[in-house]
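Report on the structure
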Amino acid sequence: MPQRVFHINGITVELCEGDLTEVVADAIVNAANSFLKHGGGVALAIVRKGGEEIQRESDEYVKRHGPVPTGQVAVTGAGKLKARFVIHAVGPRFGEENGDAKLASAFRNALLKAEELRLQSIAFPAISTGIYGYPYEKCAMIAVKTLKEMYTSLKNVKRIIFCLYGSEAYTTFQEVFQKEL
Ligand code: AR6
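Notes on the structure in this doc start here. It should be emphasised that the depicted structure is a prediction, and the values quoted were computed from it without experimental measurement. (Residues numbered from 1 in each chain as written. Predicted model: local features only at pLDDT ≥ 70, side-chain atom pairs only at ≥ 80, totals over all residues. Heavy atoms only, no water.)

The rolling of a water-molecule-sized probe over the atoms marks out the regions of remaining empty space. Looking at the largest pocket, its volume works out to about 610 Å³. Those elements that provide at least two residues to the lining of the largest pocket are strand S3 (27–32), helix H1 (41–50) and strand S7 (159–164). For the lining of the largest pocket, the element with the highest residue contribution is H1, accounting for five residues. Tallied by class, the residues present in the lining of the largest pocket amount to 17 nonpolar, 11 polar and three charged. (1 Å grid on protein atoms, 1.4 Å probe; cavity = no way out; pocket = protein on both sides within 12 Å on 5 of 7 lines; lining within 4 Å. Points joined across faces, edges and corners; volume = space filled by probe spheres on them. Helix = DSSP H or I, 4+ residues; strand = E, 2+ residues; numbered from the N terminus. Nonpolar A, V, L, I, M, F, W, Y, C, P; charged D, E, K, R; others polar.)

Ranked by internal contacts, the top residues of the largest apolar core, which has 41 residues, are Phe107, Ile122, Phe124, Ile160, Phe162, Phe173 and Phe177. Grouped together as the second largest cluster of nonpolar side chains are 15 residues, Cys16, Val23, Ala25 and Ile46 included. (Core = buried A, V, L, I, M, F, W, Y, C linked by side-chain atoms within 4.5 Å. Buried < 20%, exposed > 50% of the residue type's maximum accessible area, 1.4 Å probe, protein only.)

Burial runs high along S3: five of the six residues are buried. Relative to strand S5 (residues 85–90), S3 runs parallel, the two sharing six bridges. Bridge pairing in S5 links Val29 to Ile87. Pairing between S3 and strand S6 (residues 121–124): two bridges, direction parallel. Each bridged residue has a counterpart across the sheet, and for Ile28 the counterpart in S6 is Ala123. (Pairing = 2+ DSSP bridges.)

Attention shifts here to the sheet that holds S5. Hydrogen bonds along the backbone pair up the strands of a sheet, which may run parallel or antiparallel. Taken together, the seven strands give an open sheet; going across it, the order is S1-S2-S7-S6-S3-S5-S4, and neighbouring strands pair in mixed fashion. Because the sheet does not close on itself, it has two edges, and the strands there are strand S1 (3–8) and strand S4 (73–77). Each strand of the sheet is rotated relative to its neighbour by a mean of 20°, with strand direction disregarded. Pairing analysis gives six bridges linking strand S2 (residues 11–17) to S7, with the strands arranged parallel. Bridging across to S7, Glu14 finds its partner in Ile161. The sheet strands contacting helix H3 (residues 99–116) are S3, S4, S5, S6 and S7, and the helix crosses S6 at an angle near 155°. Packing against the sheet, helix H5 (residues 167–180) makes contact with S1, S2 and S7, and its axis sits at approximately 150° to S2. (Axes fitted to C-alpha atoms, helices over the stretch in contact; angles between N-to-C directions. Contact = heavy atoms within 4.5 Å.)

Here Met141 lies in helix H4 (residues 136–150). Here Met141 falls in the partly exposed class, since its relative accessible area comes to 33%. Discounting chain neighbours no more than four positions away, the residues touching Met141 are Val176 and Glu180.

By themselves, these are just geometric observations and shouldn't be taken as functional.
Here is the structure:
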(Lines give C-alpha, C1' and ligand atoms only; values in the text may rest on other atoms or scores of the structure.)
Protein backbone atom coordinates (compact mmCIF):
# COMPACT_ATOMS: atom_id res chain seq x y z
CA MET A 1 0.00 0.00 0.00
CA PRO A 2 1.25 3.55 -0.72
CA GLN A 3 3.10 5.28 2.05
CA ARG A 4 4.75 8.67 2.47
CA VAL A 5 6.98 9.72 5.38
CA PHE A 6 7.80 13.24 6.64
CA HIS A 7 10.04 14.27 9.51
CA ILE A 8 9.51 17.25 11.80
CA ASN A 9 11.73 17.81 14.80
CA GLY A 10 12.34 14.17 15.60
CA ILE A 11 8.73 13.17 14.94
CA THR A 12 7.88 10.88 12.04
CA VAL A 13 4.64 11.67 10.24
CA GLU A 14 3.46 8.81 8.02
CA LEU A 15 0.66 8.87 5.51
CA CYS A 16 -0.58 5.49 4.43
CA GLU A 17 -3.50 4.17 2.45
CA GLY A 18 -5.36 1.32 4.09
CA ASP A 19 -7.46 0.02 6.95
CA LEU A 20 -6.93 1.70 10.33
CA THR A 21 -7.95 -1.46 12.19
CA GLU A 22 -4.82 -3.17 10.81
CA VAL A 23 -2.39 -0.48 11.95
CA VAL A 24 0.15 -1.38 14.63
CA ALA A 25 0.41 1.62 16.97
CA ASP A 26 0.03 2.35 20.69
CA ALA A 27 -3.29 4.04 20.00
CA ILE A 28 -5.65 4.36 17.09
CA VAL A 29 -8.07 7.28 16.92
CA ASN A 30 -11.73 6.62 16.23
CA ALA A 31 -13.93 9.11 14.35
CA ALA A 32 -16.70 8.94 16.94
CA ASN A 33 -20.00 10.65 17.75
CA SER A 34 -20.73 12.27 21.13
CA PHE A 35 -22.63 9.24 22.41
CA LEU A 36 -19.84 6.85 21.42
CA LYS A 37 -22.37 4.73 19.55
CA HIS A 38 -20.14 3.11 17.01
CA GLY A 39 -22.75 2.36 14.34
CA GLY A 40 -21.02 3.18 11.05
CA GLY A 41 -17.84 4.06 9.20
CA VAL A 42 -14.46 3.49 10.80
CA ALA A 43 -16.11 3.31 14.25
CA LEU A 44 -18.09 0.22 13.29
CA ALA A 45 -14.99 -1.35 11.71
CA ILE A 46 -13.12 -0.81 14.99
CA VAL A 47 -15.82 -2.47 17.10
CA ARG A 48 -16.29 -5.32 14.60
CA LYS A 49 -12.60 -6.19 14.63
CA GLY A 50 -11.70 -5.14 18.18
CA GLY A 51 -14.71 -6.73 19.84
CA GLU A 52 -17.88 -5.66 21.64
CA GLU A 53 -15.90 -4.73 24.76
CA ILE A 54 -14.95 -1.48 22.99
CA GLN A 55 -18.66 -0.58 22.68
CA ARG A 56 -19.29 -1.71 26.27
CA GLU A 57 -16.47 0.43 27.65
CA SER A 58 -17.70 3.32 25.55
CA ASP A 59 -21.22 2.96 26.96
CA GLU A 60 -19.81 2.93 30.50
CA TYR A 61 -17.82 6.07 29.77
CA VAL A 62 -20.90 7.97 28.55
CA LYS A 63 -22.98 6.71 31.49
CA ARG A 64 -20.36 7.99 33.91
CA HIS A 65 -19.23 11.23 32.24
CA GLY A 66 -22.05 12.12 29.85
CA PRO A 67 -21.71 12.64 26.09
CA VAL A 68 -18.32 13.67 24.75
CA PRO A 69 -18.49 17.25 23.40
CA THR A 70 -17.50 17.82 19.77
CA GLY A 71 -13.75 18.39 19.57
CA GLN A 72 -13.09 16.35 22.73
CA VAL A 73 -11.89 12.78 23.23
CA ALA A 74 -12.50 9.70 25.42
CA VAL A 75 -10.27 6.64 25.84
CA THR A 76 -11.06 2.93 25.94
CA GLY A 77 -9.04 -0.23 25.56
CA ALA A 78 -8.58 -1.63 22.07
CA GLY A 79 -9.80 -5.21 22.56
CA LYS A 80 -8.36 -7.54 19.97
CA LEU A 81 -6.86 -4.79 17.80
CA LYS A 82 -3.11 -4.36 17.35
CA ALA A 83 -3.23 -1.21 19.49
CA ARG A 84 -3.37 -0.69 23.25
CA PHE A 85 -5.92 2.11 23.28
CA VAL A 86 -8.66 3.59 21.20
CA ILE A 87 -8.86 7.36 21.52
CA HIS A 88 -12.40 8.27 20.49
CA ALA A 89 -12.32 11.76 18.98
CA VAL A 90 -15.59 13.50 18.20
CA GLY A 91 -15.37 15.51 14.99
CA PRO A 92 -17.90 18.09 13.75
CA ARG A 93 -20.36 17.70 10.91
CA PHE A 94 -19.31 19.71 7.85
CA GLY A 95 -21.04 23.11 7.95
CA GLU A 96 -21.77 23.21 11.68
CA GLU A 97 -20.84 26.35 13.65
CA ASN A 98 -17.09 26.62 14.37
CA GLY A 99 -16.66 23.26 12.68
CA ASP A 100 -13.07 23.89 11.57
CA ALA A 101 -11.98 24.90 15.08
CA LYS A 102 -13.72 21.83 16.49
CA LEU A 103 -12.01 19.56 13.99
CA ALA A 104 -8.64 21.09 14.93
CA SER A 105 -9.52 20.44 18.60
CA ALA A 106 -10.33 16.81 17.85
CA PHE A 107 -6.87 16.29 16.30
CA ARG A 108 -5.13 18.33 19.01
CA ASN A 109 -6.91 16.67 21.94
CA ALA A 110 -6.19 13.18 20.60
CA LEU A 111 -2.49 14.02 20.37
CA LEU A 112 -2.51 15.56 23.84
CA LYS A 113 -4.22 12.46 25.23
CA ALA A 114 -1.57 10.22 23.66
CA GLU A 115 1.08 12.46 25.18
CA GLU A 116 -0.62 12.28 28.60
CA LEU A 117 -0.73 8.46 28.35
CA ARG A 118 2.99 8.55 27.43
CA LEU A 119 2.39 6.80 24.13
CA GLN A 120 4.95 6.80 21.34
CA SER A 121 2.72 6.18 18.35
CA ILE A 122 -0.78 7.16 17.32
CA ALA A 123 -2.75 6.52 14.13
CA PHE A 124 -5.56 8.76 12.84
CA PRO A 125 -8.29 8.33 10.25
CA ALA A 126 -9.44 11.40 8.28
CA ILE A 127 -11.86 12.48 11.02
CA SER A 128 -15.23 13.89 9.83
CA THR A 129 -14.66 13.07 6.13
CA GLY A 130 -17.12 10.18 5.94
CA ILE A 131 -20.61 10.34 7.38
CA TYR A 132 -19.89 13.89 8.72
CA GLY A 133 -19.20 15.18 5.21
CA TYR A 134 -15.90 17.13 5.39
CA PRO A 135 -13.93 17.39 2.14
CA TYR A 136 -10.60 15.52 2.38
CA GLU A 137 -8.65 18.67 1.50
CA LYS A 138 -10.16 20.74 4.31
CA CYS A 139 -9.54 17.95 6.80
CA ALA A 140 -5.92 17.55 5.63
CA MET A 141 -5.31 21.31 5.89
CA ILE A 142 -6.71 21.39 9.43
CA ALA A 143 -4.75 18.29 10.48
CA VAL A 144 -1.42 19.60 9.19
CA LYS A 145 -1.99 23.11 10.60
CA THR A 146 -2.81 21.67 14.02
CA LEU A 147 0.28 19.50 13.90
CA LYS A 148 2.49 22.46 13.01
CA GLU A 149 1.04 24.50 15.88
CA MET A 150 1.66 21.92 18.56
CA TYR A 151 4.37 19.41 17.66
CA THR A 152 6.92 21.19 19.89
CA SER A 153 4.77 20.31 22.93
CA LEU A 154 5.02 16.58 22.14
CA LYS A 155 7.72 14.80 24.11
CA ASN A 156 6.53 11.17 24.17
CA VAL A 157 4.77 10.91 20.82
CA LYS A 158 7.37 10.15 18.15
CA ARG A 159 5.29 8.60 15.39
CA ILE A 160 2.05 9.98 13.97
CA ILE A 161 0.26 8.00 11.28
CA PHE A 162 -2.61 9.14 9.10
CA CYS A 163 -4.33 6.07 7.71
CA LEU A 164 -6.37 7.10 4.69
CA TYR A 165 -9.13 4.97 3.29
CA GLY A 166 -9.02 4.89 -0.49
CA SER A 167 -6.74 6.51 -3.05
CA GLU A 168 -8.62 9.83 -3.23
CA ALA A 169 -8.16 10.46 0.50
CA TYR A 170 -4.54 9.33 0.38
CA THR A 171 -3.61 11.44 -2.66
CA THR A 172 -5.27 14.55 -1.23
CA PHE A 173 -3.52 14.23 2.15
CA GLN A 174 -0.24 13.54 0.37
CA GLU A 175 -0.52 16.72 -1.71
CA VAL A 176 -1.51 18.91 1.22
CA PHE A 177 1.16 17.54 3.60
CA GLN A 178 3.81 17.79 0.89
CA LYS A 179 3.00 21.48 0.46
CA GLU A 180 2.56 22.38 4.13
CA LEU A 181 5.09 20.31 6.08
N1 AR6 B 1 -9.83 2.58 8.08
C2 AR6 B 1 -9.50 3.86 7.84
N3 AR6 B 1 -10.40 4.80 7.49
C4 AR6 B 1 -11.69 4.40 7.35
C5 AR6 B 1 -12.11 3.08 7.57
C6 AR6 B 1 -11.12 2.14 7.96
N7 AR6 B 1 -11.43 0.86 8.21
N8 AR6 B 1 -13.46 3.01 7.36
C9 AR6 B 1 -13.85 4.26 6.98
N10 AR6 B 1 -12.79 5.09 6.97
P11 AR6 B 1 -16.48 8.07 9.23
P12 AR6 B 1 -17.01 10.70 10.44
C13 AR6 B 1 -12.69 6.52 6.63
O14 AR6 B 1 -17.77 8.08 8.52
O15 AR6 B 1 -17.18 11.30 9.09
C16 AR6 B 1 -19.82 6.92 12.56
O17 AR6 B 1 -21.08 6.37 12.47
C18 AR6 B 1 -13.81 7.13 5.81
O19 AR6 B 1 -13.63 6.83 4.43
O20 AR6 B 1 -16.01 6.82 9.86
O21 AR6 B 1 -16.16 11.42 11.44
C22 AR6 B 1 -19.53 7.44 13.95
O23 AR6 B 1 -20.09 6.60 14.94
C24 AR6 B 1 -13.58 8.61 6.10
O25 AR6 B 1 -12.55 9.12 5.28
O26 AR6 B 1 -16.43 9.20 10.40
C27 AR6 B 1 -20.16 8.81 13.89
O28 AR6 B 1 -21.55 8.76 14.10
C29 AR6 B 1 -13.08 8.62 7.54
O30 AR6 B 1 -12.72 7.26 7.84
C31 AR6 B 1 -19.90 9.27 12.48
O32 AR6 B 1 -19.76 8.08 11.72
C33 AR6 B 1 -14.10 9.08 8.56
O34 AR6 B 1 -15.38 8.58 8.19
C35 AR6 B 1 -18.61 10.05 12.36
O36 AR6 B 1 -18.47 10.52 11.04
